[in-house]
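Coordinates in review
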Amino acid sequence: SGKSWTVASILEKAAELPTTKMIVFDLHGEYTSLKFAKQLRVAGPDDLNSNDDAILFLPYWLLNSDEMQAMFIDRSEFSAHNQVMMFQKIVGDEKLKHLEANDKKEVISSFTIDSPVPYSLDSVIAELERLNDEMVPGANNKDKKGDYNGSFSRLLTRLNVKITDKRYGFLFQHSADLDKYDALTKIIQQLIEFEGTTHGIKVIDFSEVPTDILPIIIGLVARILYNIQFWTEKSERHPLALVCDEAHLYLPKKGENNPNEKRALENFEKIAKEGRKYGVSLLVISQRPSDVSETILSQCNNIMSLRLSNKQDQNTVKSFMTDNLTVFADILPTLDVGETVILGDSVLLPSRIMLDMPKEENRPLSSTIDFWSEWSKADNKTDYNKSVENYRRQSRK
């Protein structure tokens, strides 16, 4: 009923302000048509050798310990506790080696396993393989299996699968320059700088990120941006808004059951509860508000609701209204396309308004296809061979 156009209209108006700073998490490439926004895309399988500044790589060493565990370790395995303990120890040792090699003594004194310090994943795997195959002296001059012999076989297999899969290339198959000590500064600049300034609107296209790790990757980007704001001097801090499109896919109410979703939820819930102190806000967008984390929704100061026909979704919006204003919830199923009920700090009273449409050149690529009109046209020849190849390559290019 106009969700994407509403977002485009808000962004279009925000772009007219002199020092706007917004970053849009675009899951389906809907907002690549926005002429006023800078476009950034997480590297897909065909972008692994690209030097384009619009292609984003997120090196594996940016992951914190919880995110690494969610990606690589199966908690149901008998040896999971050994895998967690040893994996963290080896990663920590490799990060310390990198700090020592760069003579960063002041960082070493406050170093933790979650510090965003580059390290060699190949060295981590080599050490895990050594421990997994280790034999130690035993009785009667016979060797016996070491304490961790055989404990890491499945972990090593999962690591190998992820590292060699080109869909995860933005994590594991980046250039060597992104493993240098100063690489994080370059990544931050790529995320939030706009032609030499930190002002403007940037769209990050996550459409080629594998679905299974999508929550972790979006949560990773949000966590980095929040932490940079947190550690920036107050006098230099500039307010930043994160636009979370399709929020129900990575901020679900029941995300505690999925370790990948749980990691993203923790990052966004922290931003929702504490971000205002450091100039970080969320614009949460979803066609199923009843499926979005209650913790995050409860922190929203303003609600814009377009047409909702599902009773659960209506009740979610209704819960934000005082008893004498719940009559507005009754009109939600009858709203026209582009009509919205708005309530919160931005208005004196809940109001029913018609939104301005974005300019034609800025309309997102999300319009519902008109089946009857399309079926009435002459037949279009489809190149299914090209479709199959795109499917195999996981790219429409």
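Presented here is a report on the structure given in the accompanying data block.

Parameters at a glance
- Residues numbered from 1 in each chain as written.
- Predicted model: local features only at pLDDT ≥ 70, side-chain atom pairs only at ≥ 80, totals over all residues.
- Heavy atoms only, no water.
- Salt bridge = Lys/Arg side-chain N within 4 Å of Asp/Glu carboxyl O.
- Helix = DSSP H or I, 4+ residues; strand = E, 2+ residues; numbered from the N terminus.
- Buried < 20%, exposed > 50% of the residue type's maximum accessible area, 1.4 Å probe, protein only.
- Axes fitted to C-alpha atoms, helices over the stretch in contact; angles between N-to-C directions.
- Parallel < 35°, antiparallel > 145°, perpendicular 65-115°, else oblique.
- Left-handed = near helix turned anticlockwise from the far one by under 90°.
- Contact = heavy atoms within 4.5 Å.
- Phe/Tyr/Trp six-rings, centres within 6.5 Å; stacked < 30°, edge-to-face > 60°.
- Pairing = 2+ DSSP bridges.
- 1 Å grid on protein atoms, 1.4 Å probe; cavity = no way out; pocket = protein on both sides within 12 Å on 5 of 7 lines; lining within 4 Å.
- Points joined across faces, edges and corners; volume = space filled by probe spheres on them.
- Nonpolar A, V, L, I, M, F, W, Y, C, P; charged D, E, K, R; others polar.
- Expected span 1.5 Å × (residues − 1).
- Disulfide = S-S within 2.5 Å.

Our next topic: the pattern of salt bridges. This model, assessed by the stated rule, comprises 16 salt bridges. Two residues, Lys89 and Asp93, come together in a salt bridge whose shortest N-O distance is 3.1 Å. Note that Lys89 and Asp93 are positioned in helix α3 (residues 80-101) at a spacing of four residues, about one turn of the helix. Among the residues examined, Asp93 registers a relative accessible area of 34% and is labelled partly exposed. Residue Asp165 pairs with Arg167 through a salt bridge whose shortest N-O separation is 2.9 Å. Residue class for Arg167 comes out partly exposed when judged on its relative accessible area of 30%. What you see here is one network of salt bridges that share partners, running through Lys3, Asp245 and Glu246.

Put simply, helix α2 (residues 65-72) and α3 touch, their axes get as near as 11 Å, and they point 130° apart. Overall, the two elements α2 and α3 adopt an arrangement that is oblique. In terms of crossing hand, the pair formed by α2 and α3 is right-handed. Residue-level inspection shows Ser65, Met68, Gln69 and Phe72 of α2 in contact with α3, the latter providing Val84, Phe87, Gln88 and Val91.

The next subject is the packing of aromatic side chains. By the definition in use, this model includes 12 aromatic pairs. Taken together, a centroid distance of 6.3 Å and an interplanar angle of 40° make the contact between Tyr226 and Phe230 tilted. Taken together, the residues Tyr226 and Phe230, both in helix α9 (residues 214-231) and four residues apart, mark about one turn of the helix. Pairing Tyr226 with Tyr278 gives two aromatic rings, centres 6.1 Å apart and planes at 80°, and the pair type is edge-to-face. Here Tyr226 is found in helix α9, whereas its partner Tyr278 is found in the loop between α10 (259-274) and β8 (280-284), with 52 residues between them in sequence. Members of the aromatic cluster, connected to one another through ring pairs, are Tyr60, Phe72, Phe87, Tyr119 and Phe172.

Each strand in a sheet pairs with another by means of backbone hydrogen bonds, the pair being arranged parallel or else antiparallel. Across the sheet, which stays open at both edges, the three strands sit in the order β9-β10-β11 with antiparallel pairing between neighbours. Only two strands of the sheet have a single neighbouring strand rather than two, namely β9 (302-305) and β11 (351-354). Taken over all neighbouring pairs, the strand axes of this sheet differ in orientation by 25° on average, direction set aside. Sheet topology note: the strand β10 (residues 339-344)/β11 ladder contains four bridges and is antiparallel. Directly across from Ile342, in β11, lies its bridge partner Ser351.

Our next topic: the layout of surface pockets. Here the second largest pocket defines a volume of roughly 1100 Å³. In terms of lining, the second largest pocket is formed by 36 residues, of which the most central are Pro116, Leu184, Asn227, Ile228 and Trp231. Secondary structure elements with two or more residues in the lining of the second largest pocket: α2, α8 (183-192), α9 and α10. Per-element tally for the lining of the second largest pocket: the top contributor is α9, with seven residues. Residue composition of the lining of the second largest pocket, by class: 16 nonpolar, 10 polar and 10 charged.

Our next topic: the packing of α8 against α9. As a packed pair, α8 and α9 sit with axes 11 Å apart at the nearest point and diverge in direction by 100°. In this view, α8 runs roughly perpendicular relative to α9, as classed from their interaxial angle. Counted together, Ile188, Leu191 and Ile192 of α8 and Val221, Ile224, Leu225 and Ile228 of α9 form the full contact between these two elements. By residue class, the composition of the contact of α8 with α9 is seven nonpolar, no polar and no charged.

What follows concerns the sheet that holds β8. Strand order in this open sheet of six strands is β3-β2-β6-β1-β7-β8, and the pairing throughout is parallel. In this open sheet, the two edge strands, each paired with only one partner strand, are β3 (55-56) and β8. Bridge analysis of strand β2 (residues 38-42) against β3 gives two bridges, and the strand direction is parallel. Looking at β3, one finds that Arg41 is bridged to Ile55.

So, on to the pairing of β2. By the bridge criterion, four bridges tie β2 to strand β6 (residues 200-205) in an arrangement that is parallel. From the neighbouring strand, Lys38 faces β6, where its bridge partner is Lys202.

Although it is not a glycine, Asp103 adopts a positive phi angle of roughly 55°. The residue Asp103 is located in the loop between α3 and α4 (105-108) in this model. Phi at Glu246 is positive, roughly 55°, even though this residue is not glycine. Tracing the chain through its elements places Glu246 in the loop between β7 (240-244) and α10. We classify Glu246 as buried; its relative accessible area is 6%.

This next bit is on α9. Helix length check: α9 (18 residues) gives 26 Å between terminal C-alpha atoms against 26 Å at 1.5 Å per residue, within 8%. Counting buried residues along α9, 14 of its 18 residues qualify, which places the element largely inside the surrounding structure.

Bringing the state of the cysteines into the picture now. Counting across every chain of the model gives zero disulfides. Between Cys244, a cysteine without a disulfide, and Cys300, which holds the nearest cysteine sulfur, the sulfur-to-sulfur distance is 9.4 Å.

One face of the sheet, then the other: side chains in a regular strand alternate in exactly this way. Only one face of β9 is covered, namely the one carrying Ile303 and Ser305; the face carrying Asn302 and Met304 has none of its residues buried. In the sheet, β9 pairs with β10 via four bridges, with the strands oriented antiparallel. Bridge pairing in β10 links Met304 to Ile342.

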